[in-house]
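Descriptive structure summary
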Protein chains: 2
Amino acid sequence: MSAVLAPPATPAETLTIALGDRSYPIRIGEGLLGRADSFDGVPRSATAVVVSNTTVAPLYAAPLLQLLKGRHRQVELIELPDGEAHKDWTTLNLVFDGLLKLGADRKTVLYALGGGVVGDLTGFAAASYMRGVPFVQLPTTLLAQVDSSVGGKTGINHPLGKNMIGAFHQPVAVIADLDTLATLPDRELRAGLAEVIKYGPIADAAFFAWTEANLDTLLGRDPQALRHAVRRSCEIKAEVVAQDEREAGLRAILNFGHTFGHAIEAGLGYGEWLHGEGVGCGMVLAAELSARLGLIDDDAAGRVARLVERAGLPVHGPNFGGDRWLELMRLDKKAEGGEIKFVLLEAIGRAVVRAAPDASVRAVLEARCA
Amino acid sequence: MSAVLAPPATPAETLTIALGDRSYPIRIGEGLLGRADSFDGVPRSATAVVVSNTTVAPLYAAPLLQLLKGRHRQVELIELPDGEAHKDWTTLNLVFDGLLKLGADRKTVLYALGGGVVGDLTGFAAASYMRGVPFVQLPTTLLAQVDSSVGGKTGINHPLGKNMIGAFHQPVAVIADLDTLATLPDRELRAGLAEVIKYGPIADAAFFAWTEANLDTLLGRDPQALRHAVRRSCEIKAEVVAQDEREAGLRAILNFGHTFGHAIEAGLGYGEWLHGEGVGCGMVLAAELSARLGLIDDDAAGRVARLVERAGLPVHGPNFGGDRWLELMRLDKKAEGGEIKFVLLEAIGRAVVRAAPDASVRAVLEARCA
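Residues numbered from 1 in each chain as written. Chains lettered and ligands numbered in written order. Predicted model: local features only at pLDDT ≥ 70, side-chain atom pairs only at ≥ 80, totals over all residues.

Between chain A and chain B, the contact holds 32 residues from the first and 32 residues from the second. For the side of chain A that touches chain B, the elements supplying multiple residues, two or more each, are α3 (89-102), α4 (116-128), β7 (153-158) and β8 (161-168) of chain A. At six residues, β8 of chain A tops the list of elements feeding residues into the side of chain A that touches chain B. Partitioning the side of chain A that touches chain B into residue classes produces 14 nonpolar, 10 polar and eight charged. (Contact = placed C-beta atoms within 7 Å. Helix = DSSP H or I, 4+ residues; strand = E, 2+ residues; numbered from the N terminus. Nonpolar A, V, L, I, M, F, W, Y, C, P; charged D, E, K, R; others polar.)

Given below as structure tokens:
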């Protein structure tokens, strides 16, 4: 635990998600969970609740609760079971039950301490408890730091589809303590790298080249490399979200790889593959579909596949068969009137959202998921 | 069914809830559910779903589905069990399951055909399905027409508290067909009158006097009287909601009688008393508390009690005992840091939200709930 309380190696950096009166800071740095000033600007409500899971809470909850008791009269911990399989109604109700038993009110601040599941689920609880209370994201996984904690998408899974039930509800702050990445299992680190890899192809060719050049350094958990990856990912996400908070258009590009990825997660049952693993494989499939449709050349698609493979992520998908694949993808939230919309590449650094002929999709699936 | 399809006796009237890009019309009139132009402005999505219950659907669903098939390629009906006891997770999931099985997407329009339970629950389903889809309120009870269908409060109950889980999600239109009030059971009509009676004391002394003068006419279901009651109630609600959509302040006055009323509903188990019955009794208690605190005189409190009694609503509450009463009311969403906030009267026509000494609250409860 000493890492959490140690003084920061370098000063924290702050980005801003510019959304008018819903704007909020993303603070990125070492040791942030142990510093009182990380929480500047968070409402000092009488009561507060830290929502975490049985894996993360033992690592970080005790000193955090101690620190938050300087801000709130009463702070309680709610521990959820760990894993994507628990991102459901039953677990959400554990949060509501806890809030009601504590007498939480409309001012009570929720803190989401953990990875994407804890953040998405706590965010949805905050969105819907008494029709909305403030919450803070304290992401402890690479995936949550570079993606899911930023932008206000919250929700839970339905057996038929990922994140089907949820809300747009922006946090009042995101505090990304890079020290927490030290305790991250290797598999989780690699899954997080999938979302880092994502930002280059959709928005920033130079960042993609940087990711290619620094992948081994990132896998070795070099603090400077991780800091840059988190900061640049959050910068790109912040720009996109500020332009299209509720995904009327542009924001959908952040779902590169997710149409295929969500289908894998739902088709295998949540928790079989990590979300980042599905996204990694999904990016390979989406890049190949882009090439097959003549939007990019095979070299560009090959760069995506090679980088995903180097990150230790799957580049071949499950063999559901074409019909089942299409059925699963038709439940994607981007689909309209039964037509699946894919995030495709027009170049490394530029994405487009469009439909694709079933035959082309099937051909990609036959090549990669046999 | 002929009443629904009959030509309107008088032209429909349209009010507007002014909320910028979330503004929407409330259409009030006879025969509206049978007229295509009632739905002007509602998006013509490929798929649509009518959510209703086993009581209302047999009365109005068939012709409505027929009419909506002129607007949407596919229209399906989801029938829920009837009653406040079903305004819960289990029933909400019936809606989600239905939407997913139908392949509903982000453009799918939901129509809430029924009373307050159907409207609140369907609204919350619309707020959270794929993080938000459009919905239309088709209120078929007096209570829903004058109150719950307007203003975007949606939600479900938790065993520990009324409407504890929900969202602010504005409908794209409210279509109040006055003909549906003809099939309303007497008990439901009286429960709806509680919310009509509410608007006078909190905002409009003249309307309160009109309600006193016309109560018997309303109980006799006179169309002109009902039309005026619905229109004036919606006008007052529209003004309040436009000023304070998310209940940061003013909007709380619409909860006159609800702090006591919700406690009765939760304490007895949902469905034992109708919501309007709880509100009726709650207004009597709140008016007496106002008088006890010297905010109004006994005559004013007496006028409220007499009108509630004339409407056939309960003016005495259950005997939970003072401790249990206070415990139930501390879960009210207006409470902060364990302090209960009441909507009290400073005059007939003017409300204020404030705390009250426990001793005064207990005295009122002892007088009225023994």
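Moving on: the pairing of strand β3 (residues 47-53) of chain B. Residue and element names in this part refer to chain B. Summarising burial for β3: seven of the seven residues are buried, a large majority. Burial along β3 is two-sided: T47, V49, V51 and N53 and A48, V50 and S52, pointing in opposite directions, are all buried. Pairing geometry for β3 and strand β4 (residues 74-80), over seven bridges, is parallel. The residue bridging N53 from the neighbouring strand is L80, located in β4. Assessed by its sense of winding, the connection that carries the chain from β3 through helix α2 (residues 57-68) to β4 is right-handed. (Buried ≥ 20, exposed ≤ 12 C-beta atoms within 10 Å, placed from the backbone. Pairing = 2+ DSSP bridges. Right-handed = clockwise from strand over helix to strand, strands pointing away.)

This part takes up the packing of helix α10 (residues 275-292) of chain B against helix α11 (residues 298-310) of chain B. Residue and element names in this part refer to chain B. Axis separation between α10 and α11 bottoms out at 8 Å; the angle between their running directions is 175 degrees. One element, α10, and the other, α11, form an angle in the roughly antiparallel class. From α10, G280, M283, V284, A287, E288, S290 and A291 reach across to α11, where they touch D298, A301, V304, A305 and V308. Class assignment for the residues of the contact of α10 with α11 results in eight nonpolar, two polar and two charged. (Axes fitted to C-alpha atoms, helices over the stretch in contact; angles between N-to-C directions. Parallel < 35°, antiparallel > 145°, perpendicular 65-115°, else oblique.)

What follows is about the domain arrangement of chain A. All names here are of chain A. Parsing chain A into structural domains produces domain 1 (2-183) and domain 2 (186-368). Computed over C-alpha atoms only, the centres of domain 1 and domain 2 are separated by 25 Å. Between domain 1 and domain 2, the contact holds 31 residues from the first and 31 residues from the second. For the side of domain 1 that touches domain 2, the elements supplying multiple residues, two or more each, are β1 (13-17), β2 (24-29), α5 (142-148) and β8. Among the elements that take part in the side of domain 1 that touches domain 2, α5 stands out by supplying five residues, more than any other. Looking at the side of domain 1 that touches domain 2, its residues break down into 18 nonpolar, eight polar and five charged. (Domains from an automatic or database assignment.)

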